Amino acid sequence: MNADPEAAPVQVEPRVRPLPRHPRELDETRALELLGRTGVGRVVYTVGALPAVLPVRFRLDALGGVLLSTAPGSELARAVDGAVIAFEADEVDGTDGTGWCVTVLGRAEVRRPSPVSADRTEIRIAPELVVGRHLTPDPS
């Protein structure tokens, strides 16, 4: 191989990796407070014994229940009525990986029609287990 003695050496920048994060558990009150600050999350349920994840808009009720709105007869409404499902929402900084994540596990109840709109179906997830984690920088 013939190297050009006048060519400048190529500088290769090392890949920047996010610092490892150590999740810190949050109490249920703080987890629900954070959850109430955002309006989009993911509902996790099963369809034909296979996992399904769907991004949804949501709100919380006074008891910490997660309220979703969907079209009457939707796949989501059919799949979750009476089932134990999961709901997750988070805010994570894409640069450094800090933020929080909250998961709510509970039984879903489909309410027809929605108290908010007669042409919608409301789904309420009763919070049986609320797990919150705060993602912080690695102390080392």
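Fair warning: this is a prediction, and the values are worked out from it, not measured in the lab.

Trainee: Pulling in residues and values, what's your account of the overall build of the protein chain?
Mentor: Within the protein chain, the secondary structure is distributed over two helices and eight strands. Reading the helices (α) and strands (β) of the protein chain from amino to carboxyl end gives β-α-β-β-β-α-β-β-β-β. Within the protein chain, buried positions represent 35% of all 140 residues. Within the protein chain, contacts between residues at least 6 apart in sequence are counted, and of these 60% link residues at least 24 apart.

Trainee: Outline the environment of Glu109, listing residues and values.
Mentor: Assignment of secondary structure puts Glu109 in strand β6 (residues 99-111). Between the C-alpha atom of Glu109 and that of Val80, which follows or precedes it by 29 residues, the distance is 7.6 Å. Not counting the four nearest positions on each side in its chain, Glu109 is found in contact with Asp81, Glu122, Ile123 and Arg124.

Trainee: Run through helix α1 (residues 28-35), naming residues and quoting values.
Mentor: Listing the buried residues of α1 in full gives Ala31, Leu32, Leu34 and Leu35. In an axial view of α1, the angular spread of the buried residues amounts to 160 degrees, which keeps them on one side of the axis. The residue sitting at the N-terminus of α1 and contributing the capping side-chain oxygen is Asp27; that oxygen lies 3.1 Å from the backbone nitrogen of Thr29.

Trainee: Would you mind going over the packing of aromatic side chains in detail, with residue names and values included?
Mentor: Applying the stated criterion across every chain, the model contains one aromatic pair. Geometrically, the ring pair formed by Phe58 and Phe87 is edge-to-face, given 4.7 Å between the ring centres and 65 degrees between the ring planes. One end of the pair, Phe58, is in strand β3 (residues 50-60); the other, Phe87, is in strand β5 (residues 84-92), with 29 residues separating them in the sequence. Take Phe58 and Phe87: they sit in the same class, and that class is buried.

Trainee: So, unusual backbone geometry: which residues are in play, and what are the values?
Mentor: Despite not being glycine, Ala49 has its phi angle at roughly 70 degrees, a positive value. Assignment of secondary structure puts Ala49 in the loop between β2 (40-47) and β3.

Trainee: Before we move on, can you summarise the environment of Ala83 with the specific residues and values?
Mentor: Locating Ala83 in the fold gives a position in the loop between α2 (75-80) and β5. Under the relative-accessibility criterion, Ala83 is labelled partly exposed at 24%. Taking the C-alpha atoms as reference, Ala83 lies 9.1 Å from Thr46; in sequence the two are 37 residues apart. Residues contacting Ala83, with those up to four places away along its chain left out, are Gly106, Arg107 and Ala108.

Trainee: Just give me the short version of the nonpolar core, but keep the residues and values in it.
Mentor: Formed by 26 residues in total, the largest nonpolar core has its most connected members in Leu35, Val43, Leu68 and Phe87. Within the residue set of this core, elements represented by two or more residues are α1, β2, β3, β4 (66-70), α2, β5, β6 and β7 (121-125). Here this core gets five residues from one element, more than from any other, and that element is β6. Residues in contact with Leu35, not counting those within four places in the same chain, are Phe58, Leu60, Val66, Phe87, Ala89, Trp100, Val102 and Val104.

Calculation notes
Residues numbered from 1 in each chain as written. Predicted model: local features only at pLDDT ≥ 70, side-chain atom pairs only at ≥ 80, totals over all residues. Heavy atoms only, no water. Helix = DSSP H or I, 4+ residues; strand = E, 2+ residues; numbered from the N terminus. Buried < 20%, exposed > 50% of the residue type's maximum accessible area, 1.4 Å probe, protein only. Contact = heavy atoms within 4.5 Å. Arc of directions from axis to C-beta. Polar contact = N/O pair within 3.5 Å; in protein donor to acceptor, adjacent residues only side chain to side chain. Phe/Tyr/Trp six-rings, centres within 6.5 Å; stacked < 30°, edge-to-face > 60°. Core = buried A, V, L, I, M, F, W, Y, C linked by side-chain atoms within 4.5 Å.

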